[in-house]
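Below, each chain spelled out in residue letters.
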Amino acid sequence: MGIGVEVLIFSWKNNWEHLGAGGKGHIMSKLTRYLVLLLISKVLKALGIFESYDILKVVHIVQFIFILKLGSAVILLFFQKPFSSGKVISKRQWIKLLKHAVISCIISLLGFFGLTLCGPLRTLLLFEHSDVVVIALLSVLFTNSGGGPSKTRGAAFFIIAVICLLLFDNDDLMAKMAEHPEGHHDSALTHFLYTAIAFLGVADHKGGVVLLVVSLCLKVGFHTASRKLSVEIGGAKRLYALDNLVSAMVLLPWVMVLSATTESKVESWSSLILPFGMIVFSVMILEFYVESICSAKMETPRCARYGTISLFLSALLLANFWTHPLTDQLRSMSKPPQQDSTEHVLSGGVLVSAIFFIMSSSILSSPSKKGQKGTLVGYSPEGTPLYNFMGDALQHTSQSLPRFIKDSLKQILEEYDSRQIFYFLCLNLAFTFVELFYGVWTNSLGLISDGFHMLFDCSALVLGLFAALMTRWKATRIFSYGYGRVEILSGFINGLFLMVIAFFVFVESITRLVDPPNINTDMLTPVSVGGLLVNLVGICAFSHAHSHGGKSCSSHDHGHSHHGHSHSEHSHGGHGHSHGGHGHGGHGGHGGHGGHGHSHGSGGGGMNANMRGVFLHVLADTLGSVGVIISTILIRQFGWLIADPICSLFIATLIFLSVIPLLKDACEVLLLRTPPEHEKDLNSALEKIEKIEGVLSYRDPHFWRHSASVIAGTIHLQIMSDVVEQRIIQQVTAILKDAGVNNLSVQVEKEAYFQHMSGLSTGFQEVLAMTQQMESMKYLKDGTCIM
Amino acid sequence: MFFFFFFRRDQKQIAFTVAGTIHPFRKTHRSIFGKLLQEFRLVASDRRSWRILLFGALNLLCTGCLLMWCSSTNSMALTAYTYLTIFDLFSLITCLISSWVTMKKPSQLYSFGFERLEVLSVFASTVLVQLGALFILKESVERFMEQPEVHTGRLLVGTFVALFFNLLTLLSVRNKPFAYVSEAASSSWLQEHVADLSRSLCGIIPGLSSVLLPRMNPFVLINMAGALSLCITYMLIEINNYNAVDTASAVAIALMTFGTMYPMSVYSGKVLLQTTPSHVIGQLDKLLREVSTLDGVLEVRNEHFWTVGFGSLAGSAHVRIRRDANEQLVLAHVTNRLLPLVSTLTVQIFKDDWTRPLLSGALPSSNPSSFTSSSVPPGAVEGYAGLSSSFSSSSVPAHLTSAGGDLDPLTSTPSKLTSPPPEFSFNTPGRNVQPVVLPAPPHHAHRPYGVGAGAGMRFGLGAAGAPSSQSYRTALGGSTAPLVKVITSSSFTKSPL
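Residues numbered from 1 in each chain as written. Chains lettered and ligands numbered in written order. Predicted model: local features only at pLDDT ≥ 70, side-chain atom pairs only at ≥ 80, totals over all residues. Heavy atoms only, no water.

Chain B appears in an unreviewed UniProt entry as Solute carrier family 30 member 6 from Myripristis murdjan. Regarding chain B, the relevant UniProt record gives this comment under Subunit (unreviewed entry): "Heterodimer with SLC30A5; form a functional zinc ion transmembrane transporter." Of the comments in the UniProt record for chain B, the one headed Subcellular location (unreviewed entry) reads "Golgi apparatus, trans-Golgi network membrane". (UniProt positions renumbered as here; feature names shortened; annotations may be inferred.)

As recorded in an unreviewed UniProt entry, chain A goes by Zinc transporter and comes from Myripristis murdjan. Its UniProt record, at the heading Subunit (unreviewed entry), says of chain A: "Heterodimer with SLC30A6/ZNT6; form a functional zinc ion transmembrane transporter."

Given below as structure tokens:
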């Protein structure tokens, strides 16, 4: 429809103002009560998490969770009475409840396992974000309607905080743990998780950070998904109670098996009753109730913000004092002092990341300003503003991702060029990933860096693919000639890319020339041979595409083939050929395969700049691997370390020289030069036009190549007064069409036109210009009259 | 080697232009350096370009030092920052090119002049810097695998030298093309974030609003931000020996470079792609709607409007008119409407079925000619009067008399003003695509369009009179002031006869 739905909004600002006028003080005092409650519950929760970290050192994680669930289930059964009140739960709902409980068990397992890995402070920082914050973060990251720069900043802060924890957190105990990841593990489950983390190739504590982030996302998704079930069951509280009960029952067999098979490290369970009671109360019960009350009484974002901030701050404080000697003394009344009191201490990285987490959660949980994006339409009779929401606020329909991929794949495979690029890209990527994985497997840095280098090169291919795809898009209002010119621009960018690569290779080789380093040639040869093979396949494919493109081009320009071709070979093709020959000679000497391709390439005229760019890229890669092979052989046989820089110097020069013709051609097209291969035709056509009967003269002839298939032109003709304009237009169009111009506009002017114009125009300068044009026309007319 | 890079680039940029302008690579292979030197002298003859050259030399020196420090400190972040200095070098070259462009006239081969060279060089410099940033990203990923030691000795010195030189270059050289692009392009994410932050800051301290609220110069912004992140890097490495910060801040600088340069390269790339600039579309639509409501105009199609350099618009359009309309008059009016906005304009007027003889032959075309050649009276004021009368007379009464009896049934569909143009509508791109997508080579314009004789042709007799005379009168009514000029012009036309 395109008509935005008009939405009346009694602006909430007004609302607030009314409230403020009425009973702000009252509301604030009421809110403060809840806020204090929230703060206390969060502090207690942090305390509970710290306590449970200590307990987890002695109690097995599954037993721990079982006790938590069971304890909270007992208390909740007492408070909520889920069986005696509310609807009867059907069998299907029980099954759903079972699934729910299993998933919640898994999530709490992951969370507490992360706690054992990272320590309480880091767990609190990573895991205890409210749903609002995480959903805002995900919407910024994965949709493009994030909600303005502030949300983006919040997301960036979040990511920086996580990275800080990952990189700059020198946790001594974690480093110690990372040294013996295969040490003693309590159970099969923890062992499995440990091996999974070790398989990923990261240290344990970093693995814990990643694990916690993943389980945070899982938790949020789980909460969102369980909303429907909670409505079905009859309230979130009832669901929570039942869920705890069912989870405890689910965990029961496992706990039985565990306690039967392994011996417990716990000396006396009775001394643990008090801590467990405290944890159950603070982590499971109190926090849940306070959260639900606060989110009912205050807005959720505000609740989330204050809750998170207080939680993080109290966690920081506790982390500072938990292992403090004073605390140890306090605790030693009930427990013997612990030996390793320096575990998971505060470090600079954690502090910075905590600050970033607090900032990001306060930014992300602040109410989005999106609602105000509607345009103000006017005011209602009552005086409240009316907003009109258009487009993205309401009609947000996005294409599903699989469908989009399917469509674009289909489009890619439709045409020859893009298909070729796509296949080669796939081959290249496959090779790259094999290389990368093998590099990670064997821990060889050279292989990994070469893999990244290949990825870097693949970006040029992606660019070419995208340009080949875009070229076929339909013309729009903005791109009135169609998207054909994208191809030329992409060829230009690819040319610049190659120049940059040549430059870096050049600089690198110069520094190596000064100081040739020792090169380990073991791994180099198979990799470069593999790369060479891949690139040779590419060269074969693209040289074919190249000649193909050339053929289609020549068949397209059939009408003027003779003149155009001889000319192009004469003036312009010769130049390109000399350079091309140079590059090809360098390559043919080594590889002996590219000769076929290149002769075709430069012979066909190569109008398709995009394919030329891609081809040159592949050629440069081939040259690189050939150079590596040669230098390896030289170093191995003769020990010439200098061979490597000289080879790369040579390659850099070759790349540079082979790119120049491409850049020159692309520049000419982009600068709207008269196409060189049509130059002669156009000149003769203009002569012919002058000789048409009734044509006095022409001015402003502009002819330029718009894209590979479109040559556009505009021309202004002055004709005698008694000639029919349309006939002249027809003749001129026919003549210029023969000369290759297929998008033409002819403006036919008679003397009357200039008189009308001078009558219409208002400025003195314009009138003067018109008069002068008319003068010249008169003069020409006289001239022709004389003739 | 750095000198080589500069030189090569300079040579590349100028070599194209030089070789293109004088003789496009035909026989001038041997004297390419001579040409280069000649063009260089041309540029150097201007006093203003001396300043640019001086700054360029300074910049080269600075870049050389910085690159040396980069390799001695082994810092990726400083390398990323040095690329910004190299970008300044490119912008100075762009500045030189733009001053060269202003001296050059359009040649036969480059018929639109060399203004696009400015655009091209802006595009090339932004893209080159982005490619450099891409390279930095790749290197940084490799460094994350194995972080080498970073020496902080020259890090801070290098940062401040680079910052000082960059700001000096930015603020003391008036760089026309980059100033234009940074104004016209959409704001980068860096700018948006700074604007957002400063807006909230101004909420706290209102006094800063005059400093913080205007749009920041993106180059100054990225230089400051890069220097800030380098300072943080220095501190963290000095205090805690976190070498990975260096890589992280290199990534940050590279991302900021992307963010700053991307909108500019999109803007200049769109100019290079010959697209209609989106900010003039509204204005153009208005003008084209006006044109399509002119008397005699049936539709406007194949309209292409694009920018030649930064700012000046060029365009062409095909205007289909009624068979009995006066081509030159319509052309003059269409041109008059569009010319203030589109400086290089070509309008092709075409009629359907113009070969058919029933339209009383050459009457529309001969009528103004008779007026221009013979009926201009010697008196100048009368000439103007004749002009104005011919506007109304040529379109309306002539056809009333000539198209006479047999066309009477067809005269009832004239009203262009009440109904929208039939096949042309600007606000619906879906419909508008169709006429443009048609490969529509101009000769297609001559195919018989209206199938039935009456359906396609609309002869405005009754209603055409009123709007046409009205519109023309308004057009002329405004031109009472230049009456004298018209007098001079018509007297000029008179004199050779």
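Here the narrative resumes, following the displayed structure.
A. The arrangement of the pairing of strand S4 (residues 695–705) of chain A in detail. Direction of pairing for S4 of chain A relative to strand S5 (residues 711–719) of chain A: antiparallel, over a ladder of 8 bridges. Paired with Phe703 of chain A across the two strands is Gly713 of chain A, which belongs to S5 of chain A. (Pairing = 2+ DSSP bridges. Helix = DSSP H or I, 4+ residues; strand = E, 2+ residues; numbered from the N terminus.)

B. Examining the environment of Arg485 of chain A more closely. Residue placement: Arg485 of chain A occurs in helix H18 (residues 485–514). Between the C-alpha atom of Arg485 of chain A and that of Met470 of chain A, which follows or precedes it by 15 residues, the distance is 9.6 Å. A distance of 2.7 Å separates a polar side-chain atom of Arg485 of chain A from the backbone oxygen of Leu272 of chain B. (Polar contact = N/O pair within 3.5 Å; in protein donor to acceptor, adjacent residues only side chain to side chain.)

C. Representation of helix H25 (residues 725–738) of chain A in the model. All names here are of chain A. Here H25 contains 14 residues, and its C-alpha end-to-end distance of 20 Å stays within 8% of the 20 Å for a straight helix at 1.5 Å per residue. Of the positions making up H25, those classed as buried are Glu725, Gln726, Ile728, Ile729, Val732, Thr733, Ile735 and Leu736. Phi turns positive, to about 105°, at Gly740, one or two residues after H25. (Expected span 1.5 Å × (residues − 1). Buried < 20%, exposed > 50% of the residue type's maximum accessible area, 1.4 Å probe, protein only.)

D. Geometry of the pattern of salt bridges. What the rule picks out here adds up to 31 salt bridges over all chains. For Asp54 of chain A, the salt bridge identified is with Lys57 of chain A, shortest N-O distance 3.4 Å. By relative accessible area, Lys57 of chain A is classed as partly exposed at 30%. For Arg153 of chain A, the salt bridge goes to Asp196 of chain B, with nearest N and O atoms at 2.9 Å. Of the two residues, Arg153 of chain A sits in helix H6 (residues 148–167) while Asp196 of chain B sits in helix H8 (residues 189–204), which places them in two different chains. Judged on exposure class, the residue Arg153 of chain A and its partner Asp196 of chain B are both buried. Through salt bridges with shared partners, a single network forms among Arg612, Lys664, Asp665, Glu668, Arg673 and Glu679 of chain A. (Salt bridge = Lys/Arg side-chain N within 4 Å of Asp/Glu carboxyl O.)

E. Geometry of the nonpolar core. Core analysis: the largest hydrophobic core is formed by 121 residues, its most contacted members being Ile421, Phe492, Leu496 and Phe542 of chain A together with Tyr81 and Leu120 of chain B. Sorting elements by how many residues they give to this core places helix H4 (residues 76–103) of chain B first, with 17 residues. With residues up to four places along the chain from it excluded, the contact list for Phe542 of chain A reads Gln420, Ile421, Phe424, Met611, Val614, Phe615 and Val618 of chain A. Core analysis: the second largest hydrophobic core is formed by 74 residues, Ile65, Leu125, Tyr240 and Leu272 of chain A among them. (Core = buried A, V, L, I, M, F, W, Y, C linked by side-chain atoms within 4.5 Å. Contact = heavy atoms within 4.5 Å.)

F. Quick peek at the UniProt feature "transmembrane region" (unreviewed entry) in chain B. Residues and elements named next belong to chain B. In the numbering used here, UniProt assigns the "transmembrane region" (unreviewed entry) feature to residues 50–69, 81–102, 114–135, 155–173, 219–237 and 244–264. What you have in residues 50–69 is 100% helix and 0% strand, and the ends, taken at the C-alpha atoms, are 29 Å apart. Secondary structure across residues 155–173 divides into 95% helix and 0% strand, with the first and last C-alpha atoms of the span separated by 27 Å.

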